[in-house]
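Inside the fold
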Protein chains: 2
Amino acid sequence: METFFYNQTLDHFNYRPESYATFKQKYVINSKYWGGAKESAPIFVYFGDEQPLDVQLGAVGFLSENAPHFKALQVYIEHRFYGQSIPFGTTDEAMGNDSTRGYFNSAQALADYAEVIIYLKKKLSADNSPVIVVGGSYGGMLASWFRLKYPHVALGALASSAPILYFDDITPRDAYYSVVTKDFKEVSKSCYETIRKSWSEIDRVASKPNGLSILSKKFRTCAPLDNSGDFKGVLELIYAIAAQYDSPPSYPVSQVCERIDGAYEGTGILGRIFAGFVAVAGNLTCYPFKEYYTTSKLNGWTWQVCSELVIPVGIGVNDTMFQPDPFNLKQFIESCRSLYGVSPRPHWISTYFGGHDIKLVLRRFASNIIFSNGLRDPYSSGGVLENLSDTLLAVHTVKGSHCLDILTATKTDPQWLIDQRKVEVKIIEGWFETYYADLHSLSH
Amino acid sequence: METFFYNQTLDHFNYRPESYATFKQKYVINSKYWGGAKESAPIFVYFGDEQPLDVQLGAVGFLSENAPHFKALQVYIEHRFYGQSIPFGTTDEAMGNDSTRGYFNSAQALADYAEVIIYLKKKLSADNSPVIVVGGSYGGMLASWFRLKYPHVALGALASSAPILYFDDITPRDAYYSVVTKDFKEVSKSCYETIRKSWSEIDRVASKPNGLSILSKKFRTCAPLDNSGDFKGVLELIYAIAAQYDSPPSYPVSQVCERIDGAYEGTGILGRIFAGFVAVAGNLTCYPFKEYYTTSKLNGWTWQVCSELVIPVGIGVNDTMFQPDPFNLKQFIESCRSLYGVSPRPHWISTYFGGHDIKLVLRRFASNIIFSNGLRDPYSSGGVLENLSDTLLAVHTVKGSHCLDILTATKTDPQWLIDQRKVEVKIIEGWFETYYADLHSLSH
């Protein structure tokens, strides 16, 4: 593994003098297994997402595990404004400034990736090496969008857990929390019932004169709670995280439910909820609830969600184990505007990348994208779960969770996960076969 | 025909406060023949290019002539920074300012078009109406690129005389002037020879002590020439224009050659060249040569060519009727930098839109683009002249010139031009047939 920094263009879509500024974009290469340019051996490129690249290097396994088989070069590129790829000094400086933050968006990031890949292929004289881009979650969206926008740079994409349809009104807004609910209900009906009933119990306690301090004590908060809404929001989030990452071997939803269901007899609802909470939050002397629900304007993802990645997740009436909390676009826009001074553009993603009527649009356009999902992942509700054509393929597992297929394989992986990865490898092999045949026939 | 102005976003790819400024973008609608939203009747959208929309409304016929047959709505959209669609006051204000000019580029223009079309379809409740985008020359590039980047907005594109391969090193740099030469040679060998010999004759005369004033008198220049290089450049341009627009019924190349060949016996080379020049430049009391070769930094196209649309047209050694004048990228960059203060990005078009190995890339990606060309048009050398797949089709005529197929039909149109247009209509009919069948099968 070698680390490099590419001199990246700040603004690909403008020609003002400021647009020409550059910043150092980090990328990492592992050429151990590469078959080389002469063999036109493939290049696998991992798209960094909303985390420092180093974090992802430690977690993602798909590239390194399959590089020997494909004789593939491994490239990992960090997303602008994360990790060490900050255009303007420190993260706080870059994120704290109205006029620098604006360059932080997905279209610019995709153009970054295109530039780096083109540069590398040229440097390596690897003109004919097919490129497969890989990403998970937001990075998965980027991977699929990249194949759609830059087919001349990438031959195909593995888009893991990419909710590209969770924009605008394409996916029902309450789909996410409906899946969370389903996950819990499937694991334990009584656990689901306890959670469903807990909200009114919390409201009942909170409405007492000293209710918030009772809750604070019961949930061992580091600082006293000052409202019950945010408190409930944290619990919602804990259940969502458990569902989203409900992965083997630990299966957090089962862990939460075991604690909720398994509390000694006579434990009240709140006691059970707290026990379940600890299963995810860990065993701490106190729990910093305020930190859990404070959003920082300096956080990259908060900005992305508040500018273009408006994912309208809300909770509907009566169909979940949660209290209704519908997504309110107007309110959302207001809160973003007060945080950043500018309004989100909630229709931009579907304007630039599409999403509406995706099967009608893409069944005869584009090729070579794997949309992989685990159906226990609430984000799978905004994913592509149906084949769009012979080469735009949905690969999903009923028991899978968020991005599971691209994470490092372990000995405890269940058979269905091993099989999913095999299916993905098989598909990519097919792309290469076709590609090399085309290359051969066109050069003769 | 009704004229409207859309409140267009200044910067689609940035979220700085300034990016949110808007400007009025002109578009024109003709709904006379539209079958309506209920019938999902089609929408034809003409993409304005580097001229005011009104100029093009008077010249383009493809939409209005085919609207009755297709029951199509006609929409014509002006390109940002041209005509009445200027973001910052007057053209001179917008073009004279470093920090406003930068927003003037093709990626922003395509996003403009996407926004207008999405807005209109919504306003007309015409969700299912298929959109065909049409453009010629630069507008043809935009049309083909739009289908590639926004397949969810346009079902197909008619890209007339779009030299999308005349970027980077995809097409040989001297291809343009080789076609100009071929056009003249085919029309008249002696005319070609006269032009070929004229350059050294001009050099010989110009090198005399009073040579420039001899040339000035001979070519009736409004002001005395101050160098022979620019003078020769104007003649080159005149031949290029004649070839590019060598259209029926006038056929300017033939007109030039008739004058050159038909001058009374004993007319010298320069006399013949002047006679040919007048055939294109018209009969004036004097010719403003300086104006012909002065480029204004306030001219929109000059900016576009100097920022991203770097089309490296040069003249090779020995294979044309011109003196060698190879394209010098370094010099070009320098001259643009001195004009505008920023450097062109000569690789951006192929980075963002592709072009290299186009058949390998697109034979299994994308669909529904007609690349139409006339082979007498020197820009056809940078066009797509070969089918890339069953639905990415090259339609060309041997005798055709620049954008001829989309211009208003006339009674004098030759049969091959009538046939070309019929072929294009037939192809578009096929797209609609498939589309409506898909729409039907997916909604059941």
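As the structure is a computational prediction, the values presented were derived from the model and not from experiment. For every chain, the first residue of its written sequence is number 1, and the numbers climb from 1 along that sequence. For this description, chains carry letters from A and ligands carry numbers from 1, given in the order in which they are written. Local features are withheld for residues below a pLDDT of 70 in this predicted model, meaning they are given only at 70 or higher, and side-chain atom pairs are given and counted only at 80 or more; totals for whole chains, interfaces and linings count all residues. With hydrogens and water stripped out, all remaining heavy atoms of the structure feed into the side-chain values.

**Thoughts on the interface of chain B and chain A**
- Residues count as neighbours in contact if any of their non-hydrogen atoms are within 4.5 Å of one another. Taken together, the contacts link 54 residues of chain B with 54 residues of chain A.
- Each of two parts loses accessible area, computed with a 1.4 Å probe, when they are put together; buried area is these two losses added. Taken as a group, B:Tyr15, B:Arg345 and B:Phe365 account for 17% of the area that chain B buries against chain A, more than any other trio of residues on that side.
- When a carboxyl oxygen of Asp or Glu is within 4 Å of a side-chain nitrogen of Lys or Arg, the pair counts as a salt bridge. Where chain B packs against chain A, one counts four salt bridges.
- Residue B:Arg363 pairs with A:Asp438 through a salt bridge whose shortest N-O separation is 3.3 Å.
- Polar contact criterion, stated in full: a pair of N or O atoms within 3.5 Å, where within protein one must be able to donate a hydrogen and the other to accept it, and residues adjacent in sequence count only if both atoms are side-chain atoms. Remark: the boundary between chain B and chain A carries 34 residue pairs in polar contact (both at pLDDT 80 or more).
- The numbering of helices and of strands both runs from the N terminus, where a helix is a DSSP run of H or I of at least 4 residues and a strand a run of E of at least 2. Those elements that provide at least two residues to the side of chain B that touches chain A are helix 4 (98–101), helix 5 (106–123), helix 6 (138–149), helix 14 (300–307), helix 16 (348–353), helix 17 (358–362) and helix 18 (415–442) of chain B.

**With respect to the confidence of the model for chain A**
- Residue-level confidence of the predictor is summarised by pLDDT, bounded by 0 at the bottom and 100 at the top. Confidence along chain A averages 96 in pLDDT terms, with 100% of residues attaining 70 or more.
- For this predicted complex, the interface confidence reaches an ipTM of 0.96, while the overall pTM sits at 0.97.

**As for the packing of aromatic side chains**
- Two aromatic rings from Phe, Tyr or Trp, using only the six-membered ring of Trp, form a pair when their centres are within 6.5 Å; if the ring planes differ by under 30 degrees the pair is stacked, by over 60 it is edge-to-face, and anything between is tilted. Within this structure, the stated rule accounts for 90 aromatic pairs over all chains.
- Judged by centre distance (6.5 Å) and plane angle (65°), the rings of B:Tyr15 and B:Tyr20 are edge-to-face.
- Both a distance and an angle decide whether a charge sits over a ring: NZ of Lys or CZ of Arg must be within 6 Å of the ring centre and within 35 degrees of the ring normal. The ring centre of B:Tyr150 lies 4.8 Å from the NZ or CZ of A:Lys149, which sits over that ring.
- The ring of A:Tyr15 carries B:Arg345 above its face, with NZ or CZ at 4.7 Å from the centroid.

**Let's talk about the relation of the copies chain B and chain A**
- Here the copies were fitted onto each other by least squares, based on C-alpha atoms from residues at pLDDT of at least 70 in both. Between chain B and chain A, which share one sequence, the superposing operator has a rotation angle of 180° and an axial displacement of 0.0 Å; the RMSD is 0.0 Å. Both chain copies can therefore be described as sitting about a two-fold axis. Relative to the rotation axis, the C-alpha of B:Ala366 is the closest in chain B, positioned 2.5 Å from it.

**Quick look at the pairing of strand 8 (residues 392–397) of chain A**
All names here are of chain A.
- Within strand 8, five of the six residues are buried, leaving the element largely enclosed by the surrounding structure.
- By the convention used here, strands pair only if DSSP detects at least 2 bridges between them. When strand 7 (residues 369–374) meets strand 8, the two strands line up parallel, connected through six bridges. Within the sheet, the bridge partner assigned to Asn373 lies in strand 8 and is His396. When accessible area is computed with a 1.4 Å probe and restricted to protein chains, residues below 20% of their type maximum are described as buried, those above 50% as exposed, and intermediate ones as partly exposed.

**Structural notes on the sheet that holds strand 6 (residues 156–160) of chain B**
Residue and element names in this part refer to chain B.
- Taken together, the eight strands give an open sheet; going across it, the order is 1-2-4-3-5-6-7-8, and neighbouring strands pair in mixed fashion. Each having just a single partner strand, strand 1 (2–9) and strand 8 (392–397) make up the two edges of the open sheet. Across the sheet, the mean angle separating the axes of adjacent strands is 20° when strand polarity is ignored.
- Summarising the sheet, strand 3 (residues 43–47) and strand 4 (residues 73–77) pair through five bridges and their orientation is parallel. In the strand pairing of strand 4, Ile43 is matched with Leu73.
- Of the strands in this sheet, strand 1, strand 2 (22–30), strand 3, strand 4 and strand 5 (131–136) touch helix 5, which is tilted by about 55° from strand 2. The axes are straight lines fitted to the C-alpha atoms, using for helices just the contacting stretch, and the angles between their N-to-C directions are given from 0 to 180°.

**Brief notes about the side chain of A:Ser160**
- Among the secondary structure elements, A:Ser160 is positioned in strand 6 (residues 156–160).
- Apart from the residues within four sequence positions on either side, A:Ser160 is in contact with A:Gly135, A:Gly136, A:Ser137, A:Gly140, A:Ser372, A:Cys403, A:Asp405 and A:Ile406.

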